[in-house]
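# Coordinate inspection notes
Okay, here's what each chain looks like letter by letter:
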Amino acid sequence: MGLISELKLAVPWGHIAAKAWGSHQAAPVLCLHGWLNNANSFDRLIPLLPKDFHYVAMDFGGHGLSSHYSQGFPYYHQNFVSEVRRVAAGCFLSGASQDTGTARLRPTLTWLHAFSALKWNRFSLLGHSFGGTVGGMFSCIFPEMVDKLILLDALPVVLDTNEMDNLLTYKRRAIEHVLQVEASRKPAQVVSPEEMLQWFLKNNSHVGEACGKHLLQRGTTQAATGVWLNRDRRITLPEHCFDIVGKELFVQYIKNLQARILFVKATEGYYAVRRENDADRESIMFGTSSLKSVLKERFQYVEVPGNHYVHMNQPQLVADVISSFLQSKERSPVPL
């Protein structure tokens, strides 16, 4: 199954970029990438999935080929959840884009300019890491819109019992960082492609070299003397953005889920928002047991060998279980 089109979905601050596979008439699946990644995250997995679905992988705002948020508009978890709602609802038209950010959009496939979005009333979500938490929160807030939710190495809500005492500190740092970056007005740093790759791999130890190159294809822009990162520099540490909750609120949130959920846990993946807490698996264990208790037969848990980027490094290890889940005839009840 080959990529059929690149999409541009209009939003008030510019556009959300996305890429699509499969027939528009097929059941829709929206794919959400991880923190500081982009839609290329799913290029190796989607060709292995059932061809009777329509897959759309979007770049979150400030990532990949999507527009950066306007000055003064911070990147908070709730805003990314809102992006999913914007992309999923509305309609789009073919046509040339007038967006001033078009110059850095390089794909050779047909671009569609959207004045609203995809006009999906009900769809499935496939989210990796941060994308899983965004998809999970969306599924809690708009439960009637989500049929199935597939989580790749992520709980549907960010649960980390080690961080409760630090939340106000993270909120303060997030505000101060945004103000500092906006005040500095420093241009993006241009480095050689090899330097960029080595920096990326150093900061993303679970990503193989080939996958790193593939993410950087969409995550960088070519300049005369090298490349620079597309992502917005106001986006920093995940704990500055994530809506981290405790056990009580986690259970309260998941009680609102109507979707059937598949949680694919990589055995060598991550277990906490901050790597310093990764040895403590209490949050994952509590989250998994709570999902099983609350959702019962609507929840499926599968462990696969591999690290946090197993869906890119070894997509065949997750493709079968995802395919079976998508093709299952058991569906969430449609609200009247």
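Provided above is the structure to which this section pertains.
In this text the structure is predicted, and so the values were computed from the model without any measurement.

## What about the overall build of the protein chain?
Per the secondary structure count, the protein chain includes nine helices and eleven strands. The buried share of the protein chain, taken over its 336 residues, is 56%. Taking contacts inside the protein chain between residues at least 6 apart in sequence as the whole, the part at least 24 apart equals 78%. Summing over all exposed atoms, the protein chain offers an accessible surface of approximately 15,000 Å²; the carbon and sulfur share of this is 53%.

## Observations regarding unusual backbone geometry
At Lys-119, a residue that is not glycine, the phi angle is positive and equals roughly 60°. Locating Lys-119 in the fold gives a position in the loop between β5 (111-114) and β6 (123-128). Under the relative-accessibility criterion, Lys-119 is labelled exposed at 57%. Phi at Arg-185 is positive, roughly 55°, even though this residue is not glycine. Position of Arg-185 relative to the elements: it lies in the loop between α3 (167-184) and α4 (193-203).

## A look at a nonpolar patch on the surface
On the surface, Tyr-76, Ile-175 and Leu-179 cluster together into a nonpolar patch covering about 280 Å² of accessible area. Locating Tyr-76 in the fold gives a position in the loop between β4 (53-58) and α1 (77-88). Assessed through its relative accessible area of 34%, Tyr-76 is described here as partly exposed.

## Focus on the side chain of Ser-41
Counting through the fold element by element, Ser-41 comes out in the loop between β3 (27-32) and β4. The buried category is assigned to Ser-41, whose relative accessible area is 1%. At a separation of 2.7 Å, a polar atom in the side chain of Ser-41 contacts the side chain of His-311. Excluding residues within four positions of it along the chain, Ser-41 makes contact with His-33, His-128, Leu-215, His-311 and Met-312.

## Side note on the packing of α4 against helix α5 (residues 209-219)
To characterise two packed helices, one gives the angle between the axes of the helices and the distance between these axes. Interaxial distance between α4 and α5 falls to 10 Å at its minimum, and their mutual angle equals 115°. Put simply, α4 runs roughly perpendicular to α5. For the pair α4 and α5, the sense of crossing is right-handed. Contact with α4, carried on its side by Met-196, Leu-197, Phe-200 and Leu-201, involves Glu-209, Gly-212, Lys-213, Leu-215 and Leu-216 of α5 and no other residues of that element. Looking at the contact of α4 with α5 residue by residue, the class counts come to six nonpolar, one polar and two charged.

## Looking at the pattern of salt bridges
Applying the stated criterion across every chain yields a total of ten salt bridges. A salt bridge links Glu-182 to Arg-234, with the nearest nitrogen and oxygen atoms 2.9 Å apart. Of this pair, Glu-182 sits in helix α3 while Arg-234 sits in the loop between β9 (226-229) and α6 (247-254), placing them 52 residues apart in sequence. Classification of Glu-182 as buried rests on a relative accessible area of 17%. One salt bridge connects Glu-209 with Lys-213, and the closest N-O pair in it is separated by 3.7 Å. With a gap of four residues between them, Glu-209 and Lys-213 both fall in helix α5, about one helical turn apart. Take Glu-209: its relative accessible area is 44%, and that puts it in the partly exposed class. Classification of Lys-213 as partly exposed rests on a relative accessible area of 43%. Via salt bridges that share partners, Glu-6, Asp-59 and Arg-218 belong to a single interconnected network.

## A look at the pairing of strand β7 (residues 146-152)
β7 sits mainly inside the fold: seven of its seven residues count as buried. Looking at chain direction, β6 and β7 are connected through five bridges and run parallel. Residue pairing in the sheet places Phe-123 in a bridge with Val-146 of β7. One crossover worth recording links β6 to the parallel β7 by way of helix α2 (residues 130-141), and it is right-handed. Where β7 lies against strand β10 (residues 260-268), five bridges are found, and the strand directions are parallel. Paired with Leu-151 across the two strands is Phe-263, which belongs to β10.

What counts, and at which threshold
- Residues numbered from 1 in each chain as written.
- Predicted model: local features only at pLDDT ≥ 70, side-chain atom pairs only at ≥ 80, totals over all residues.
- Heavy atoms only, no water.
- Helix = DSSP H or I, 4+ residues; strand = E, 2+ residues; numbered from the N terminus.
- Buried < 20%, exposed > 50% of the residue type's maximum accessible area, 1.4 Å probe, protein only.
- Contact = heavy atoms within 4.5 Å.
- Areas by Shrake-Rupley, 256 points an atom, 1.4 Å probe, with all protein chains shown as cover.
- Patch = residues over 30% accessible without salt bridge, like charges linked within 9 Å, V, L, I, M, F, W, Y side chains within 5 Å.
- Salt bridge = Lys/Arg side-chain N within 4 Å of Asp/Glu carboxyl O.
- Polar contact = N/O pair within 3.5 Å; in protein donor to acceptor, adjacent residues only side chain to side chain.
- Axes fitted to C-alpha atoms, helices over the stretch in contact; angles between N-to-C directions.
- Parallel < 35°, antiparallel > 145°, perpendicular 65-115°, else oblique.
- Left-handed = near helix turned anticlockwise from the far one by under 90°.
- Nonpolar A, V, L, I, M, F, W, Y, C, P; charged D, E, K, R; others polar.
- Pairing = 2+ DSSP bridges.
- Right-handed = clockwise from strand over helix to strand, strands pointing away.

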